[in-house]
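Each chain, letter by letter, is given below.
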Amino acid sequence: MPYIPPDVVAKAREMDLLTYLKNYEPQEFVHFGGNTYCTRTHDSLKISNGKWCWFSRGIGGYSALD
């Protein structure tokens, strides 16, 4: 695995998953209902209120790196 400077990692942790998808993978971004979104590839991955939860895997987080 290549070395990534800590300041680059810290900056990446500031971006939430919703912002990442809107900016870098808009083709994956799907409105699910209300203020909840999912992706085309992983419909059990739900993103809402600055948090995400991947129900089929039992994991979740806040940033795009979580």
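See the structure above.
All of these numbers come straight from a predicted model, not from anything done at the bench. (Residues numbered from 1 in each chain as written. Predicted model: local features only at pLDDT ≥ 70, side-chain atom pairs only at ≥ 80, totals over all residues. Heavy atoms only, no water.)

Enquirer: Is there a simple way to think about the overall build of the chain in this case?
Expert: Looking only at helices and strands, the chain features 2 helices and 5 strands. Going from the N terminus to the C terminus, the chain shows its helices and strands as α-α-β-β-β-β-β. Once the C-alpha set of the chain is aligned to its principal axes, its extents read approximately 40 × 25 × 20 Å. Across the 66 residues of the chain, 26% fall into the buried class. Long-range pairs, those at least 24 residues apart, make up 26% of the contacts in the chain with a sequence separation of at least 6. Carbon together with sulfur atoms contributes 57% to the accessible area of the chain, which is approximately 4,800 Å² in total. Positive and negative charge centroids in the chain, built from 7 and 7 side chains respectively, lie 5 Å apart. (Helix = DSSP H or I, 4+ residues; strand = E, 2+ residues; numbered from the N terminus. Buried < 20%, exposed > 50% of the residue type's maximum accessible area, 1.4 Å probe, protein only. Contact = heavy atoms within 4.5 Å. Areas by Shrake-Rupley, 256 points an atom, 1.4 Å probe, with all protein chains shown as cover. Lys, Arg positive; Asp, Glu negative; His and termini not counted. Charge placed at Lys NZ, Arg CZ, Asp CG, Glu CD.)

Enquirer: Would you mind going over the state of the cysteines with me for this structure?
Expert: For the structure shown, the criterion picks out 0 disulfides. Considering cysteine sulfurs only, Cys 38 is the nearest to Cys 53, which forms no disulfide, with 13 Å between them. We classify Cys 53 as partly exposed; its relative accessible area is 26%. (Disulfide = S-S within 2.5 Å.)

Enquirer: Help me understand the sheet that holds strand 3 (residues 45-48), please; the structure alone is not making it clear to me.
Expert: Within a sheet, each strand pairs with its neighbour through backbone hydrogen bonds, oriented either parallel or antiparallel. The strand order 1-2-3-4-5 describes an open sheet built from 5 strands, whose pairing is antiparallel. Of all the strands in the sheet, the pair left with one neighbour each is strand 1 (29-33) and strand 5 (59-61). Across this sheet, the average inter-strand angle for adjacent strands is 25°, counted without regard to direction. Relative to strand 2 (residues 36-39), strand 1 is paired through 4 bridges, and the arrangement is antiparallel. Note on strand 2: the bridge partner recorded for Val 30 is Cys 38. (Pairing = 2+ DSSP bridges. Axes fitted to C-alpha atoms, helices over the stretch in contact; angles between N-to-C directions.)

Enquirer: For this particular structure, what's the right way to read the side chain of Glu 28?
Expert: When you line up the elements, Glu 28 lands in the loop between helix 2 (17-24) and strand 1. Of the side chains with opposite charge, Arg 40 lies nearest to the buried Glu 28, which makes no salt bridge, at 6.1 Å. In this structure the side chain of Glu 28 is engaged in a polar contact, spanning 2.7 Å, whose partner is the side chain of Thr 41. Apart from residues no more than four positions distant in its own chain, Glu 28 is found in contact with Cys 38, Thr 39, Arg 40 and Thr 41. (Salt bridge = Lys/Arg side-chain N within 4 Å of Asp/Glu carboxyl O. Polar contact = N/O pair within 3.5 Å; in protein donor to acceptor, adjacent residues only side chain to side chain.)

Enquirer: Mind showing me how you'd approach unusual backbone geometry here?
Expert: Excluding glycine, residues mostly carry a negative phi; peptide bonds, for their part, are mostly trans. Positive phi outside glycine occurs at Asn 49, with the angle close to 55°. Tracing the sequence through the fold places Asn 49 in the loop between strand 3 and strand 4 (51-54).

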